[in-house]
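Single-letter residue listing:
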Number of protein chains: 2
Amino acid sequence: MNELTGLVLLAGSSQSDTSIHYLSGFTAPDPFLFLRTNSANYLVVSAMEKGRAEKQSRPGTKVFTPAEIGLTRKQSGKMGNQIIALIEKAKIRRIQVPPDFPVGIFRALEKKVNISIAGKPVCPERKVKTKEEISKLRQSQQSAVAAMNAATALIGSAGIDRQNRLLVGPVPDRVFLTSENVRQLIHKTLIDHDCAGIETIVAGGDQATDPHERGHGQLYAGQAIIIDIFPRSEKTGYWGDLTRTVCRGRAAPDLKKLYKAVKAAQAAALRAVKPGVCADEVHLAAKKAFEQRGYETKETDGRHVGFIHGTGHGVGLDIHELPRVGTSGETLEIGNVITIEPGLYYPGLGGVRIEDTIVVTEKGWRYLAPCPKKFELL
Amino acid sequence: MNELTGLVLLAGSSQSDTSIHYLSGFTAPDPFLFLRTNSANYLVVSAMEKGRAEKQSRPGTKVFTPAEIGLTRKQSGKMGNQIIALIEKAKIRRIQVPPDFPVGIFRALEKKVNISIAGKPVCPERKVKTKEEISKLRQSQQSAVAAMNAATALIGSAGIDRQNRLLVGPVPDRVFLTSENVRQLIHKTLIDHDCAGIETIVAGGDQATDPHERGHGQLYAGQAIIIDIFPRSEKTGYWGDLTRTVCRGRAAPDLKKLYKAVKAAQAAALRAVKPGVCADEVHLAAKKAFEQRGYETKETDGRHVGFIHGTGHGVGLDIHELPRVGTSGETLEIGNVITIEPGLYYPGLGGVRIEDTIVVTEKGWRYLAPCPKKFELL
């Protein structure tokens, strides 16, 4: 026995997949098996995947097919069999699995091997990004900036009809501008930057007061339009995350005030960011900025209004990862890449969110990729 | 007590997410809770999601926030607490969870509630598509056809230089044609059809002999180029799946023979499709067609060559779902939507795969959306 304990991850859930990608360099569309011991990483993949797994995985990763660890085709259909055969091959005595490991396989294994649930996060080192990771994240964020510039230029160029509807295109072929049109332009711009955009939010007016509503239909002048772009690089797998809120034409004074409050809250939160600080303090700074301006967070007619979400989250191989910037008590460290994205949502008035992705640095923080903040597009 | 047993699903893994989407009509980017009893569906979502959940979920779905089932903010952070509070609210005695349910939450629950692992697939009815689902799947498949036509038109229009490299564009601005260029065109075409394409395969020559290699770099005349497009509708969540293999210019006789064998194998597999047939028979028909033509499936120099994957899989809210068309012994039924995609892969010669997505009908089958099959683009 070379090793005492190994960590087993099963590709198939987003979190495990990205941890395996992080630790081994390999990722695949179908479920496969990963084992980490103190001295090596092991992958068990189908015969079809073996060549690619060997090419893409980090040096020191041992790649096997089920047949190579002694399993027949029929035996290898059960993931439990693959795990048992692999830990025998790797000569380890005990395995740990993350809490999101499938209970069905856990149950089948616990009679046969020494298995337990890991108490700590599987891959806490993911929180602190290397220089190389920051460069990959920056590329994704730059593609978000390019797409945002394209989107705001389109909205800014729109004509306005008597019903305040936005129109685009040369005069004989003018068409109404919809959330879908803007989203298509964003996604095509991301493709030009080797990124994919999914579920991008372009939501105007009351649609924007529901932070997960993607937005649909006609866009209007005078309404706040939230644009939230989170591209994933097709090459590296790393994400970017960027939100701006714009208004074509003049905004009513109340809406302008709302925008200014969010901008001030973001600035306050950013001022609180530095290594060693509890991330909750950053969230509190945004919260305080809203309270000082009289913006309440409460329930009205069964709907939650005001500042109804956390201030931010880590970004990496997952779009939402550690550290959270909310109420979970995590401490910021140099190399964390986090979003700072306060927002206010009041049905009848509108929704505003401003989000940047930043790197925590020795002296405080810096933007991953700067992007202008402008509300009224006149 | 109204009910004896309820089924609990936790959003967060792709399979559970799409089953919840199927059963409740609701889907969200963050984890949430779903309970199905004989009489009702229940959702527990964050306050922020409540409005959208009520709008999007099917009639008869009861939507609660953690606060509405009596949990404080702190309590609701643990999913186990949400489940306990919900089954009390729904007045049920026992719950079942799917085998991929997270073991950590299962362990925390089993001391407090009567919980067991469901022995059968959670949502077997998903295999048989309704008319409405088939229409949604057809739309996604049609977008794949449009993107395929754009891709093959681009490759077919390419010039060829003395090193057999493909070139596109007007003469003064000619550029080399790469896998990435073709993939970008495919993805943009899908966006025009409200679909998203991710990990699309455009792989030529030896790259195409690894079925999961996406393809990169220069494309050449005379090589087999596999184009595998699987778009997901941004509106409905349903997928399409389509593969063609093309060759710009003349193909060598061996490669042409390889293409013809795959085309014949697909035709043989399609002939075997009808309701009541074991899907394994369909796979065997393709296998036999290859064997009759002398195409062996074997391991050479540690690489698996020949017909190294199954013949197909179900398509729906997941890109890979039941029924499988391979060796799992499932029976085809009217309303199954499956791919038929035999392929042959020989490093040094090339890879060929032809894939259509079809509906199993009373009389046999029909294409979801027809697409021409042409190998040499002259």
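It should be noted that the structure appears before, not after, this text.
Every chain is numbered on its own, with residues counted from 1 as its sequence reads. Think of it this way: whatever chain is written first is A, whatever ligand is written first is 1, and the rest follow in order. Whole-chain, interface and lining totals are the exception, using all residues; otherwise, since this is a predicted model, local features are given only for residues with pLDDT of at least 70 and side-chain atom pairs are given and counted only at 80 or more.

Asks: Quick question: what am I supposed to make of the pairing of strand S6 (residues 114–117) of chain B here?
Replies: Moving residue by residue along a regular strand, the side chains alternate between the two faces of the sheet. Residues and elements named next belong to chain B. A strand pair is defined by DSSP finding two or more bridges across the two strands. The way it works is that DSSP assigns letters per residue, a run of H or I at least four long becomes a helix, a run of E at least two long becomes a strand, and they are numbered from the N terminus. Pairing of strand S5 (residues 92–97) with S6 involves four bridges; the strand directions are parallel. Looking across to S6, one finds that glutamine 96 is bridged to serine 116. Throughout, right-handed denotes a crossover for which the path from the first strand over the helix to the second runs clockwise when the strands point away from the viewer. Read from S5 through helix H5 (residues 103–110) to S6, the crossover connection turns out right-handed.

Asks: Please clarify how the relation of the copies chain B and chain A should be interpreted in this entry.
Replies: One chain copy maps onto the other through a rotation about an axis and a shift parallel to that axis. A residue counts toward the fit only if its pLDDT is at least 70 in both copies, and the copies are then superposed by least squares on the C-alpha atoms of those residues. Superposing chain B onto chain A takes a rotation of 180° combined with a translation of 0.0 Å along the rotation axis, leaving an RMSD of 0.0 Å. Expressed as a symmetry operation, the mapping of one chain copy onto the other fits a two-fold axis. When each C-alpha of chain B is compared by its distance to the rotation axis, B:Val103 comes out closest, at 2.1 Å. The share of interface residues of chain B whose copies in chain A are also at the interface is 100%, consistent with both copies meeting through the same surface. Contacts are defined on C-beta atoms placed from the backbone: any two residues whose C-beta positions lie within 7 Å are in contact.

Asks: Can you walk me through the sheet that holds strand S12 (residues 225–229) of chain A in this structure?
Replies: Each strand in a sheet pairs with its neighbour through backbone hydrogen bonds, running either in the same direction (parallel) or in the opposite one (antiparallel). Residue and element names in this part refer to chain A. Across the sheet, four strands lie side by side as S11-S12-S14-S24; this open sheet has mixed pairing. Both edges of this open sheet fall to strand S11 (201–204) and strand S24 (376–377), since each of them pairs with a single strand only. Across the sheet, helix H6 (residues 131–157) touches S12, strand S14 (242–248) and S24, and the angle it forms with S14 is around 10°. For helices, the fitted axis covers only the stretch in contact; all axes are lines through C-alpha atoms, and the angles between them, taken along N-to-C directions, range from 0 to 180 degrees.

Asks: Looking at this model, I keep getting lost on the sheet that holds strand S7 (residues 159–160) of chain B. Mind explaining?
Replies: Residue and element names in this part refer to chain B. Judged by pairing direction, the sheet is antiparallel, and its three strands sit side by side in the order S7-S8-S9 without closing on themselves. Edge positions in the open sheet fall to S7 and strand S9 (175–176), since each of these has one partner strand only. When strand S8 (residues 166–168) meets S9, the two strands line up antiparallel, connected through two bridges. Its bridge partner being in S9, leucine 167 is matched across the sheet by phenylalanine 176.

Asks: Explanation requested: unusual backbone geometry in the structure shown.
Replies: Glycine aside, a negative phi is what most residues show, and trans is what most peptide bonds show. Cis geometry is adopted by the peptide bond preceding A:Pro323, which originates at A:Leu322 and carries an omega value of -5°. Its place among the elements puts A:Pro323 in strand S18 (residues 321–325). Backbone geometry places B:Glu199, a non-glycine residue, at a positive phi of 60°. With 14 C-beta atoms packed within 10 Å, B:Glu199 lands in the partly exposed category. Burial in this document is a count-based property: other C-beta atoms within 10 Å of a residue's C-beta are tallied, and the residue is buried at 20 or more, exposed at 12 or fewer, or partly exposed in between, with C-beta positions derived from the backbone.

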